[in-house]
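Results of the structural survey
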Amino acid sequence: MKLLAILTTLAPTLALAGTTNLPELTREGQELCYVRAYSKDHLTKHPNQKIKGAAVSLTKTADSVYATVEVRTLDNKTMFNAGGVLNAGGTRSLSKIKNVKTVAAQMDSDGGRFLLTQLAEENNVALKVQGSLYLAEANCTNDSSITDESKPYDSMLIEAGQEDSIMVLERKTANGSASKTCSQILDQQVYLNN
């Protein structure tokens, strides 16, 4: 009985072993960018994988944190979805990320949910799909705010347990005055790994 009580007490601590806090995200316009591009060798070892690169960015707005997931598929399509970050209690509009190890994000239009956990290796996070994650092809004209409705688009669904449902991503610098966007960093990393 004592062993069970000890294990119950230690369970939360053991669950967080190998993690640390996410960097603070408290100022409007601040962005955290995490990217991973898979090598040809990695993709050969994981033939069921559908993506060759992934990025997630968390951006502080006036009253919440906005999450965007973007991937490059094996057939060179750009897929993405975005939504709001939730706090650990499940309420919307987390106004800042401070002293937390994991955040949950709910994608717009019931596009699924994922957890983002800061790993002990300071620059890495683990993205884990919860249930499923719906991504749609980016299909825009030169003005990225205007979608070309006449052109068909593709989509993909990543379900928990699939090869692509857990991704370890590395933190990159983005969104500075002379810096590339998170999407541009992903493109560069995928290009370098081809």
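In what follows, the accompanying structure is described. Keep in mind that this is a model prediction, so the values were computed, not measured. (Residues numbered from 1 in each chain as written. Predicted model: local features only at pLDDT ≥ 70, side-chain atom pairs only at ≥ 80, totals over all residues. Heavy atoms only, no water.)

1. Considering the overall build of the chain
Rules: Helical segments are the DSSP runs of H or I of at least four residues, strand segments are the runs of E of at least two, and each set is numbered from the N terminus. Under the scheme applied here, a residue whose accessible area is under 20% of the maximum for its type counts as buried, over 50% as exposed, and between as partly exposed, the area being computed with a 1.4 Å probe on protein chains only. We call two residues in contact whenever any of their non-hydrogen atoms come within 4.5 Å of each other.
Tallying secondary structure elements over the chain gives three helices and nine strands in all. The helix and strand sequence of the chain, counted from the amino end, reads α-β-α-β-β-β-β-β-β-β-β-α. With 194 residues in all, the chain has 38% of them scored as buried. For the chain, the proportion of contacts with a sequence separation of at least 24, taken over those separated by at least 6, is 55%.

2. Description of the state of the cysteines
How we decide: The definition used for a disulfide is geometric: two cysteine sulfur atoms within 2.5 Å.
Scanning all chains against the criterion turns up one disulfide. The residue that forms a disulfide with Cys 33 is Cys 182, at a sulfur-sulfur distance of 2.1 Å. Judged by the sign of its S-S torsion, about 85°, the bond between Cys 33 and Cys 182 is right-handed. Residue Cys 33 is found in strand β1 (residues 31-37), and its partner Cys 182 is found in helix α3 (residues 182-193); the two are separated by 149 residues along the sequence. Judged by its relative accessible area of 1%, Cys 33 is buried. The exposure class of Cys 182 is buried, given its relative accessible area of 6%.

3. Remarks on the pairing of strand β6 (residues 112-118)
Short version of the rule: Note: two strands are recorded as paired if DSSP finds a minimum of 2 bridges between them.
β6 sits mainly inside the fold: five of its seven residues count as buried. When strand β5 (residues 102-107) meets β6, the two strands line up antiparallel, connected through five bridges. Across the sheet, the residue bridging to Ala 104 is Leu 115, located in β6. With antiparallel pairing between neighbouring strands as the criterion, β5 and β6 make up a hairpin whose turn holds four residues, including Ser 109 at a positive phi of roughly 50°.

4. Focus on the pairing of β5
Relative to β5, strand β4 (residues 78-86) runs antiparallel, the two being bridged by four bridges. The residue bridging Val 85 from the neighbouring strand is Ala 105, located in β5.

5. Points about the side chain of Arg 72
The line we're drawing: Whenever two N or O atoms come within 3.5 Å, that pair is a polar contact, provided that in protein one can donate a hydrogen and the other can accept it, and provided that, for residues adjacent in sequence, both atoms are side-chain atoms.
Relative to the elements of secondary structure, Arg 72 occurs in strand β3 (residues 65-73). Of the polar contacts made by the side chain of Arg 72, one reaches the side chain of Asp 187; its length is 2.6 Å.

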